[in-house]
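# Structure assessment
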Amino acid sequence: MIEIKNLQKSFDGIKVLSAISATFERGKTSLVIGESGSGKTVLLKCLLGLHNYDLGEIKFDGINYKNISDKEKMGLKSKIGTVFQGSALFDSMNIEENVMLPLKMFNNYSNDEMLDRVNQVLKRVNLENTNKKMPSEASGGMQKRVAIARAIVNNPKFLFCDEPNSGLDPNTAIIIDNLIKEITDEYKIVTIINSHDMNSVMEIGEKIIFLKEGNKEWEGSKHTIFKTDNESVTNFVYSSNLYKKVREMYIKNS
Amino acid sequence: MIFFHNIGLYFIMLKKMFYKPTKWSVMRQLIIKDTEDTVVNSLGIISFVSFFIGGVITIQMALNMTGSLYPKYLIGFATREIIILEFAPTIISIIMAGKVGSFITSSIGSMRVTEQIDALEVMGVNSINYLVFPKVIAMLLYPFLISVAMFLGMLGGMAACIYGGYSTVDNFITGIQTEFIPFHMTYAFIKTFVFGLIIATVPSFHGYYMKGGALEVGKASTTSFIWTCVCIIILNYILTQILLG
């Protein structure tokens, strides 16, 4: 479980996150949604330790990130998998080497053992026999799946995804969403996803947090988001005519 | 203020380079790759430039020593002094700042832009050690490159001297051997070692701490080349004053 309490972050005196509190549970896909500039990525980077937050606390399974030694932080980081918005695959390495890197860094497995594990996770994301391809030879969807494979290769306890289906066609986006959901269920991971994509919200949003101008404006799930009368949420989620109609239908039927 | 801030940040980067080292099995591969990228792949251009500049130096020396008072061996002597003292260590380093330095800045800068450095940090890897340290180790082989430049510079000088008819082989070789001061080689290699560290670290600094997108990667490469040259020129003066002054 990840707990955030009164998390605050500002850049050059401008508040980007204002007293955010939330809990993210194991085995659930939690989505953080909001407009561009609402603080989603900053929140994610604070959770990942890429930004130092000003006030508040972050607890990973009850352990406060700020109160642990560097060695313990290393141990914690080995349990974190991350999927970046642009996949962040290493250009100079092929797919196999990209996925193998976290294993090389944190374990003392033999080459054969590492290769077995890499093949196992590549199979899990439906990328068998692509080991020797370079990232530049892979499509956007493939790159995202490699990034997911790299994120889960060390059996992480926490998975963070920053807009995992941005730039993908709707079909591939749904495949990626479902893959993340399945992996979360299968490995019982705490998964936090930053997203703009309303399809993701409706498909896999077991917990949804809506941020607006650095504040937590609303919290719910894919079921309660249809019924909310929070104007900011409805303006954001149901901005398109299609989703407005979907909502009307849902309310009428229920 | 930004200038002093950046100097401080540069030294902090150097300190962080030795903190939380990457596993040796991974680091070994990085060192081999960076040695190939920085030193081995520069052999061709350095050999080409050294040979022909050596020839040009010799021709210019010969044309400036046309009087009967000048012994012919002075052409070889002057060529050797120029190549060992200044051309090989300093001018080749400025060429390397352009070739290797901009490669280092753009490769690290691209990694910053595409969040690859963030990905390393999230994995618990000290990204400065992972990216900069192997380049510094690779550049420890830089004196080898300069030795090649010295040899080919003098070979080019000899070829130009003979084929241009400015002097004989014997005269040129006598000139190369005349009043040879071994400390000049020590001086040249001390400079080479220092410039090698500058070529590895200053461009890394500009790539690592760059902000923005693809356009800024190009700008960072240009800035890094300018600052690497500035550092080389200033340190060249300081080292020459200390060692030869």
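Residues numbered from 1 in each chain as written. Chains lettered and ligands numbered in written order. Predicted model: local features only at pLDDT ≥ 70, side-chain atom pairs only at ≥ 80, totals over all residues.

## As for the overall build of chain B
The secondary structure content of chain B amounts to 11 helices and 0 strands. Dimensions of chain B along its principal axes, counting C-alpha atoms only, are 70 × 40 × 35 Å. Taken over 245 residues, chain B has a buried fraction of 43%. Long-range pairs, those at least 24 residues apart, make up 88% of the contacts in chain B between residues at least 6 apart in sequence. (Helix = DSSP H or I, 4+ residues; strand = E, 2+ residues; numbered from the N terminus. Buried ≥ 20, exposed ≤ 12 C-beta atoms within 10 Å, placed from the backbone. Contact = placed C-beta atoms within 7 Å.)

## Description of the domain arrangement of chain A
Residues and elements named next belong to chain A. As assigned here, chain A comprises domain 1 (1–79 + 156–221) and domain 2 (88–155). Between the C-alpha centres of domain 1 and domain 2 there is a distance of 23 Å. At the interface, 12 residues of domain 1 touch 10 residues of domain 2. Among the elements that line the side of domain 1 that touches domain 2, the one with the most residues is helix α6 (residues 170–187), at 6 residues. For the side of domain 1 that touches domain 2, the class distribution of residues is 9 nonpolar, 3 polar and no charged. (Domains from an automatic or database assignment. Nonpolar A, V, L, I, M, F, W, Y, C, P; charged D, E, K, R; others polar.)

## Digging into the pairing of strand β3 (residues 29–34) of chain A
Residue and element names in this part refer to chain A. When you tally the buried positions in β3, you get 6 out of 6 residues, the bulk of the element. Of the two faces of β3, the one holding Thr29, Leu31 and Ile33 and the one holding Ser30, Val32 and Gly34 are both buried throughout. For β3 and strand β8 (residues 190–195), the ladder comprises 5 bridges, and the chain directions are parallel. Across the sheet, the residue bridging to Val32 is Asn194, located in β8. Direction of pairing for β3 relative to strand β9 (residues 207–212): parallel, over a ladder of 5 bridges. Residue Ile33 lies in a different strand from β9, and its bridge partner there is Phe210. (Pairing = 2+ DSSP bridges.)

## Considering the sheet that holds strand β4 (residues 55–60) of chain A
Residue and element names in this part refer to chain A. Ordered in space as β2-β1-β4-β5, the 4 strands form an open sheet in which the pairing is antiparallel. The two strands at the open ends of the sheet, each matched to only one other strand, are β2 (14–24) and β5 (63–64). Where β4 meets β5, 2 bridges bridge the pair, whose relative direction is antiparallel. Bridge pairing in β5 places Phe60 opposite Ile63. Contacts between helix α1 (residues 40–48) and the sheet are confined to β1 (2–11), β2 and β4, with β2 contributing the most and set at about 65° to the helix. (Axes fitted to C-alpha atoms, helices over the stretch in contact; angles between N-to-C directions.)

## Concerning the environment of Thr192 of chain B
Residue and element names in this part refer to chain B. Positionally, Thr192 belongs in helix α10 (residues 182–208). You can call Thr192 buried: it has 24 C-beta atoms within 10 Å. Separated by 45 residues in the primary sequence, Thr192 and Ser147 place their C-alpha atoms 9.9 Å from one another.

## Side note on the nonpolar core
With 123 residues, the main nonpolar core has Val99, Ala149 and Phe160 of chain A together with Ala88 of chain B as its most contacted residues. Ranked by residues supplied to this core, first place goes to helix α4 (residues 73–113) of chain B with 15 residues. Contact partners of Ala149 of chain A, with chain neighbours within four places excluded, come to Val99, Val121, Leu122, Val125 and Leu127 of chain A. (Core = buried A, V, L, I, M, F, W, Y, C linked by C-beta atoms within 7 Å.)

## Remarks on helix α9 (residues 241–253) of chain A
Relative to the 18 Å expected for 13 residues at 1.5 Å per residue, α9 of chain A spans 18 Å between its end C-alpha atoms, a close match to the ideal helical length. Counting buried positions along α9 of chain A yields 0 of 13 residues, so the element is predominantly exposed. (Expected span 1.5 Å × (residues − 1).)

## Brief notes about the interface of chain B and chain A
Chain B puts 13 residues into the contact, and the matching count from chain A is 14 residues. The element contributing the most residues to the side of chain B that touches chain A is helix α5 (residues 116–122) of chain B, with 5 residues. Within the side of chain B that touches chain A, the residues separate by chemical class into 5 nonpolar, 4 polar and 4 charged.

## Overview of the packing of helix α3 (residues 95–106) of chain A against helix α5 (residues 140–152) of chain A
Residue and element names in this part refer to chain A. For the pair α3 and α5, the least separation of the axes is 7 Å and the interaxial angle reads 30°. One element, α3, and the other, α5, form an angle in the roughly parallel class. Here the hand of the crossing between α3 and α5 comes out right-handed. Between α3 and α5, the residues in contact are Ile95, Asn98, Val99 and Pro102 and Val146, Ala149 and Arg150, respectively. Class assignment for the residues of the contact of α3 with α5 results in 5 nonpolar, 1 polar and 1 charged. (Parallel < 35°, antiparallel > 145°, perpendicular 65-115°, else oblique. Left-handed = near helix turned anticlockwise from the far one by under 90°.)

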